[in-house]
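Topology and contacts: notes
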Amino acid sequence: MASEMIGALGLGALLILMILRVPVALTMLIVGVVGFAQVISWDAAIAQLKTVPVEVLSNYSFSAVPMFILMGVLAAHSGMAGKLFQATRVICGGWKGGLAIAAVGSCGVFSAISGSSLATASTMTRVALPEMERYGYHRGLATGALAAGGTLGIMIPPSIALLIYAILTEQSVGDMFMAGLVPGLMGLVMYALTVTVVMRLKPSLAVAGESTPWREKLASLGGLVPFFAVFLIMILGIYFGIFTPTEGASVGAFATLLYALAKGLRGRELWRAVQETLALSTVVFFMLVGADTLGYFISVSRISFSISDFLYGMELAPIVVVLCILLMYFVLGMFMDSIAMLVITVPVVFPIIQSLGIDPVWFGIVTVLTVELGLITPPVGMNVFVIKAMAPHVGLGEIFRGVSPFIASDFVRLALLILFPTLTGLFLL
């Protein structure tokens, strides 16, 4: 049997196993090992199974992953998230829909040191949803704003998704982080504008909050200081070459740890934060081992090159190919976790992108943004299900209806990034 046919059968088996709800990491590992054995030999596949986990776990660049996770966990356990929302709530004051805008702003700031959309959504829902319900906000608007705001964690650096994409495609992590700044900030601003438009169209969904004087608004900025301090230390350090992105992750984690200790995080709570970090890191690393194994199989089967040759034969414009790939990501995002999606598909599509001469940094940003869309689209928007778990009294349909205006906002942002690719390179000049 031709290696390309084995590769196609392997990808089919991958989809079937995922439909059968076999864990994604295990699915990639099984298909990668069995497929490699069919193309090369079982001895080579077993030898690969011995070496790949060692290669992944000893890869210095991957050490940034648990550091970013630790930052977000410590920020949640130390009370930083609560102070952040209170600060943004005071700043938004008596605006119509101000609490929803404050929730989106809090998600954006929290994601700047969390790096994880699911962690951002769960933490800020716990903090902000009770406050919005107390002020009589429509539950769809409140949960929709939190679900959408949580997706900012996948784009605003430091982002675990951007980090993994950079490592899988051998791009500069610093360049990916810098390229994600403008699209991430665009998302924050456009979500706030979306709340404003929704309030104009349906003013009954929320009431104005308590108006606060400017002196109180300025005083509340203190709640933002810890986040911006950690964020600026990392981003400016990486941008000016003071330390590498991997070193920046450890610097950020250490700074967050100092804040947590200063706020009295001790003993059992500190150990719980460490355990949570280890559990989340294990899941990510297991998927990376599976992705690396699958990547070797895809490489030796040459299925990605066959797909590339097929697309060349169709004589499609590069932008059409990109749009087809993004459509695939959008559909997959309705059913799969964002990290799993990236580690499964990037080894397949990236050689195609390279052969077409498309900027890999720009492609990474629009890919991650499309993956971000999948976190809030039915039937399986991961952020929506996280919020449903945090707020079981709110129906899934209600959350999906509430998040629909933000999905439209994301489509506009994606269109802008496709039409004006230079938006991703403003900090790379």
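Criteria and cut-off values
- Residues numbered from 1 in each chain as written.
- Predicted model: local features only at pLDDT ≥ 70, side-chain atom pairs only at ≥ 80, totals over all residues.
- Heavy atoms only, no water.
- Helix = DSSP H or I, 4+ residues; strand = E, 2+ residues; numbered from the N terminus.
- Rg over C-alpha atoms; globule rule 2.2 N^0.38 Å.
- Buried < 20%, exposed > 50% of the residue type's maximum accessible area, 1.4 Å probe, protein only.
- Phe/Tyr/Trp six-rings, centres within 6.5 Å; stacked < 30°, edge-to-face > 60°.
- Lys NZ or Arg CZ within 6 Å of the ring centre and 35° of its normal.
- Contact = heavy atoms within 4.5 Å.
- Patch = residues over 30% accessible without salt bridge, like charges linked within 9 Å, V, L, I, M, F, W, Y side chains within 5 Å.
- Areas by Shrake-Rupley, 256 points an atom, 1.4 Å probe, with all protein chains shown as cover.
- Salt bridge = Lys/Arg side-chain N within 4 Å of Asp/Glu carboxyl O.
- Core = buried A, V, L, I, M, F, W, Y, C linked by side-chain atoms within 4.5 Å.
- pLDDT = per-residue confidence, 0-100.
- Axes fitted to C-alpha atoms, helices over the stretch in contact; angles between N-to-C directions.
- Parallel < 35°, antiparallel > 145°, perpendicular 65-115°, else oblique.
- Left-handed = near helix turned anticlockwise from the far one by under 90°.
- Nonpolar A, V, L, I, M, F, W, Y, C, P; charged D, E, K, R; others polar.
- Expected span 1.5 Å × (residues − 1).

Here we take up the overall build of the protein chain. Summing up its helical and strand segments, the protein chain has 20 helices and zero strands in all. Computed over its C-alpha atoms, the radius of gyration of the protein chain comes to 22 Å, within 12% of the 22 Å expected for a compact globule of 429 residues. Overall, the protein chain is about 75 × 50 × 45 Å in size when its C-alpha atoms are taken along their principal axes. For the protein chain, with 429 residues in total, the buried portion stands at 54%.

As enumerated under the stated definition, the model contains five aromatic pairs in all. Taking the centre distance of 6.0 Å and the plane angle of 55° together, the rings of Phe110 and Phe227 count as tilted. Here Phe110, found in helix H6 (residues 98-114), pairs with Phe227, found in helix H12 (residues 225-239); they are 117 residues apart in sequence, far enough to count as distant. Taking relative accessible area as the criterion, Phe227 reaches 1% and is therefore assigned buried. Cation over ring: Arg413 sits above Tyr191, and NZ or CZ is 5.8 Å from the ring centre.

Let us look at the environment of Tyr329. Take Tyr329: it is sitting in helix H16 (residues 318-333). Taking relative accessible area as the criterion, Tyr329 reaches 0% and is therefore assigned buried. In sequence terms Tyr329 and Ala317 are twelve residues apart; their C-alpha atoms lie 19 Å from each other. Discounting chain neighbours no more than four positions away, the residues touching Tyr329 are Met341, Thr345, Val346, Val349, Thr367, Thr370 and Val371.

Glancing now at a nonpolar patch on the surface. Taken together, Leu26, Ile30, Val34, Trp42, Ile46, Leu49 and Phe286 make up a surface patch of nonpolar side chains, about 570 Å² in accessible area. Elements represented by at least two residues in the nonpolar patch include exactly helix H2 (24-39) and helix H3 (42-57).

Of all hydrophobic cores here, the largest spans 144 residues; its most connected members are Phe68, Met132, Tyr137, Leu146, Val343 and Phe363. For this core, the leading source of residues is helix H10 (residues 173-201), giving 14 residues. Other than its neighbours up to four places away in sequence, Val343 contacts Met28, Ile164, Leu168, Met287, Leu288 and Ala291.

Okay, the pattern of salt bridges next. Inspection of the entire model under this criterion finds five salt bridges. One salt bridge connects Glu131 with Arg134, and the closest N-O pair in it is separated by 3.0 Å. Residue Glu131 and its partner Arg134 are both found in helix H7 (residues 117-134); the two are separated by three residues, about one turn of the helix. Since its relative accessible area comes to 14%, Glu131 is described here as buried. Across the salt bridge formed by Arg139 and Glu398, the nearest N and O atoms sit 3.5 Å from each other. One end of the pair, Arg139, is in helix H8 (residues 139-150); the other, Glu398, is in helix H20 (residues 396-419), and 259 residues separate them in sequence. By relative accessible area, Glu398 is classed as buried at 16%.

The next thing to look at is the confidence of the model for the protein chain. In low-pLDDT segments, the atomic positions of the prediction should not be examined closely. Per-chain confidence: the protein chain averages 82 in pLDDT, with 94% of residues scoring 70 or above. Predicted confidence in the protein chain is weakest over helix H15 (residues 303-314), with a mean pLDDT of 69, and strongest over H20, with 91.

Viewed as axis vectors pointing N to C, H6 and H8 meet at an angle of 20°, and their least axial separation amounts to 8 Å. The orientation of H6 relative to H8 falls into the category roughly parallel. For the pair H6 and H8, the sense of crossing is right-handed. Judged by residue contacts, Ala100, Ala103, Val104 and Cys107 of H6 engage Ala145, Leu146, Gly149 and Gly150 from H8. When grouped by side-chain class, the residues that make up the contact of H6 with H8 number six nonpolar, two polar and no charged.

A rise of 1.5 Å per residue sets the reference length of H3, with its 16 residues, at 22 Å; its end C-alpha atoms lie 23 Å apart and thus fit the reference within 8%. The complete set of buried residues in H3 reads Ala45, Gln48, Val52 and Val56. Its buried side turned inward, H3 meets H2 and helix H14 (267-301).

Moving on: unusual backbone geometry. The backbone of Glu170 sits at a positive phi, close to 60°, despite the residue not being glycine. Locating Glu170 in the fold gives a position in the loop between helix H9 (160-169) and H10.

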